Amino acid sequence: MASNPPPMSPPPGNAATRNYAIVTAAYWGFTLTDGALRMLVLLHFYRLGYSSFMLAFLFLLYEAAGIAANLIGGWLATRYGIARMLAVGLTTQIIGFALLSLLNPEWTAAMSVAWVVVAQGICGVAKDLTKTASKSAIKITADQAKNQGSGQLFKWVAWFTGSKNAMKGVGFFLGGLLLDLLGFRGALWAMAALLALVLVGVVVFVPPLMGKAKASKSAKELFAKSPAINLLAAARVALFGARDVWFVVGVPVFLYASGWTFTMVGGFLAAWTIGYGLVQALAPNIVQRSADGLSAEVPAARWWSGALAVVPAALAVVVYLKVPHLEWVVVAGLAVFGFAFAINSSVHSYLILAYAGSEKAAEDVGFYYAANAAGRFMGTLLSGLLYQWGGLLYALIGSAVMLVICWLVTLALPVVRTARTVTESTAPTSPTGDTA
């Protein structure tokens, strides 16, 4: 009697698309609650009378924790697989929500701040564990989908990053809505329940061994990345520091001081974030792509960094001159800044995966996003300090200086793949989806 044929497995491209869709959906759910959390904390403590600098302070451990979380998360994702790290990140966020919900209004201000800072730190760990695992999954799935046509890696990175930021903007609205409907504690419980559903989906549908490989054996090996990745990480520190140095505290406080209501300020920031995410998703249609994956993309990173530096410098002059209707000029300038920043961010997010080796992509991505978290931490801290010292003018000058540094670093980025990348990936991919 003839034996039954083995069951048909899905084509590699279809499996890669399925895994990409699942990971993206999981990260959407996470990002929705992460954006809502930021608005919840900001609005809740603003209503309690906290100063602008103290509001920035509440997020410092959140950003600082991400530095270590990205480094460790990349190593853990390589050693134990991406699915496990997604599950750990989601579980950690649920724990952070639970701790925040235990905040007691009868506590002293110092106790409340300490409790929130620690809980926010836990949520910061969760965010960057989840982000590192998700971005690494794109590298893995793109390598499996080389037959899907031109620019697959760039397209997937751009769509993932852009849709994530658009979802974060929606989360800003969700946070305010839940705070009005359910209160601070009820909103946190509702978001924890949503994440629990996402966690079940990850456990059930994401392949358990996805991204698992031989991890680095020492801290020196973990930090000793290729020159390209080190340079890109340095540029990322300056890029995100330049955004947050005036976006976290400076812009909201400036607009509120100009007569805007808090609802108007929150709505504008949400709309800006959604628009920023949409531009990121469209970046592959704006940035020229090359067959080798770097020769056009690296010059694009240099050009857009230089162009971006002009925006806060010009706005600083406008603020110094105190032109009429200054708040609307700043809003228009922020729109231009958001467009150029979105292109920069999308190109950087592509380049880290183009430079990364396939075997240890999670470690490379983790190292890179640790730099991203360091930039956010620096920008958040300086946002409160510079605005307190010299208002929006000082914050804009700080942003311009950081962007000039970012541009100078990108001038040193290589336009060919390094020996390390070629060694670790037997078939490195270009943004056209072909082997280089």
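Definitions and cut-offs
Residues numbered from 1 in each chain as written. Predicted model: local features only at pLDDT ≥ 70, side-chain atom pairs only at ≥ 80, totals over all residues. Heavy atoms only, no water. Helix = DSSP H or I, 4+ residues; strand = E, 2+ residues; numbered from the N terminus. Buried < 20%, exposed > 50% of the residue type's maximum accessible area, 1.4 Å probe, protein only. Contact = heavy atoms within 4.5 Å. Lys, Arg positive; Asp, Glu negative; His and termini not counted. Salt bridge = Lys/Arg side-chain N within 4 Å of Asp/Glu carboxyl O. Phe/Tyr/Trp six-rings, centres within 6.5 Å; stacked < 30°, edge-to-face > 60°. Axes fitted to C-alpha atoms, helices over the stretch in contact; angles between N-to-C directions. Parallel < 35°, antiparallel > 145°, perpendicular 65-115°, else oblique. Left-handed = near helix turned anticlockwise from the far one by under 90°. Nonpolar A, V, L, I, M, F, W, Y, C, P; charged D, E, K, R; others polar. Core = buried A, V, L, I, M, F, W, Y, C linked by side-chain atoms within 4.5 Å. Patch = residues over 30% accessible without salt bridge, like charges linked within 9 Å, V, L, I, M, F, W, Y side chains within 5 Å. Areas by Shrake-Rupley, 256 points an atom, 1.4 Å probe, with all protein chains shown as cover. Expected span 1.5 Å × (residues − 1). pLDDT = per-residue confidence, 0-100.

Caption draft 1: Quick peek at the overall build of the protein. Scanning the protein for helices and strands turns up 14 helices and zero strands. In the protein, the succession of helices and strands from N to C terminus is α-α-α-α-α-α-α-α-α-α-α-α-α-α. Within the protein, the fraction of its 436 residues that count as buried is 59%. Taking as baseline every contact in the protein between residues at least 6 positions apart, the subset at least 24 positions apart corresponds to 87%.

Caption draft 2: Focus on the side chain of Lys-168. Relative to the assigned elements, Lys-168 resides in helix α6 (residues 152–205). Buried charge Lys-168 goes without a salt bridge, the closest partner of opposite sign being Asp-34 at 4.4 Å. With residues near it in sequence (within four places) discarded, Lys-168 still touches Thr-31, Asp-34, Gly-35, Lys-127 and Thr-273.

Caption draft 3: Broad picture of the pattern of salt bridges. Following the criterion strictly, the structure yields one salt bridge and no others. The partner of Asp-244 in a salt bridge is Arg-243, and the shortest N-O contact between them spans 2.7 Å. The two residues Asp-244 and Arg-243 agree in class, both being buried.

Caption draft 4: Spotlight on the packing of aromatic side chains. In total, this model carries eleven aromatic pairs according to the counting rule given. Where Phe-337 meets Phe-341, the ring centres are 5.8 Å apart and the plane angle is 15°; that geometry is what we call stacked. Pair noted here: Phe-337 and Phe-341 are both in helix α12 (residues 326–355), with a separation of four residues, about one helical turn. Phe-341 carries the same exposure label as Phe-337, and that label is buried. Aromatic rings pair up to connect Phe-240, Trp-246, Phe-247, Trp-272, Tyr-276, Phe-337 and Phe-341 into one cluster.

Caption draft 5: The arrangement of the packing of helix α11 (residues 297–321) against α12 in detail. For the pair α11 and α12, the least separation of the axes is 9 Å and the interaxial angle reads 160°. Comparing the axis directions of α11 and α12 gives the class roughly antiparallel. Where α11 crosses over α12, the two elements pack in a sense that is left-handed. Its residues placed into classes, the contact of α11 with α12 shows 23 nonpolar, four polar and one charged.

Caption draft 6: Geometry of the nonpolar core. Within the largest apolar cluster, 68 residues are counted, with the highest numbers of intra-cluster contacts made by Trp-246, Phe-337, Leu-351 and Tyr-355. Of all the secondary-structure elements, those providing two or more residues to this core are α8 (227–247), α9 (250–257), α10 (262–286), α11, α12 and α13 (361–410). The residues contacting Leu-351, other than those within four sequence positions of it, are Leu-232, Leu-294, Glu-297, Val-298, Ala-301 and Leu-413. Core analysis: the next-biggest nonpolar cluster, separate from the first, contains 51 residues, Tyr-27, Val-41, Ala-83 and Ala-270 among them.

Caption draft 7: Examining unusual backbone geometry more closely. In this model, Lys-322 sits at a positive phi of 55°, which is unusual for a non-glycine residue. Tracing the chain through its elements places Lys-322 in the loop between α11 and α12. Note on Lys-322: relative accessible area 70%, which makes it exposed. Despite not being glycine, His-325 shows a phi value in the positive range, around 50°. By secondary structure assignment, the location of His-325 is in the loop between α11 and α12.

Caption draft 8: Main features of a nonpolar patch on the surface. Taken together, the side chains of Trp-389, Tyr-394, Ile-397, Val-401 and Ile-405 make up a nonpolar region of the molecular surface, amounting to roughly 520 Å² of accessible area. Inspection of the secondary structure assignment puts Val-401 in helix α13.

Caption draft 9: A look at the environment of Ala-313. Residue position: Ala-313 is located in helix α11. As for Ala-313 and Leu-393, which are separated by 80 residues in sequence, their C-alpha atoms are 9.6 Å apart.

Caption draft 10: Representation of α12 in the model. Here α12 is 30 residues long and its end C-alpha atoms lie 42 Å apart, about the 44 Å a rise of 1.5 Å per residue gives. Across the 30 residues of α12, 24 count as buried, placing the element largely inside the fold.

Caption draft 11: Spatial organisation of the environment of Tyr-394. Tracing the sequence through the fold places Tyr-394 in helix α13. As a C-alpha pair, Tyr-394 and Ala-316 span 78 residues in sequence and 7.9 Å in three-dimensional space. Sequence-distant contacts of Tyr-394, that is, excluding residues within four places in its chain, are made with Leu-386 and Trp-389.

Caption draft 12: Structural context of the confidence of the model for the protein. The pLDDT averaged across the protein works out to 77; a share of 77% of its residues lies at or above 70. For the protein, helix α14 (residues 419–424) is the element with the lowest average pLDDT, namely 42, and α11 is the one with the highest, namely 94. Counted against residues more than four places away or in other chains, residues 1–12, with its pLDDT under 50, gives two contacts. In the predicted structure, residues 419–436 sits below a pLDDT of 50 and forms 54 contacts with residues beyond four places in sequence or in another chain.

Caption draft 13: Broad picture of α8. A rise of 1.5 Å per residue sets the reference length of α8, with its 21 residues, at 30 Å; its end C-alpha atoms lie 30 Å apart and thus fit the reference within 8%. Where burial is concerned, most of α8 is hidden: 17 out of the 21 residues are buried.

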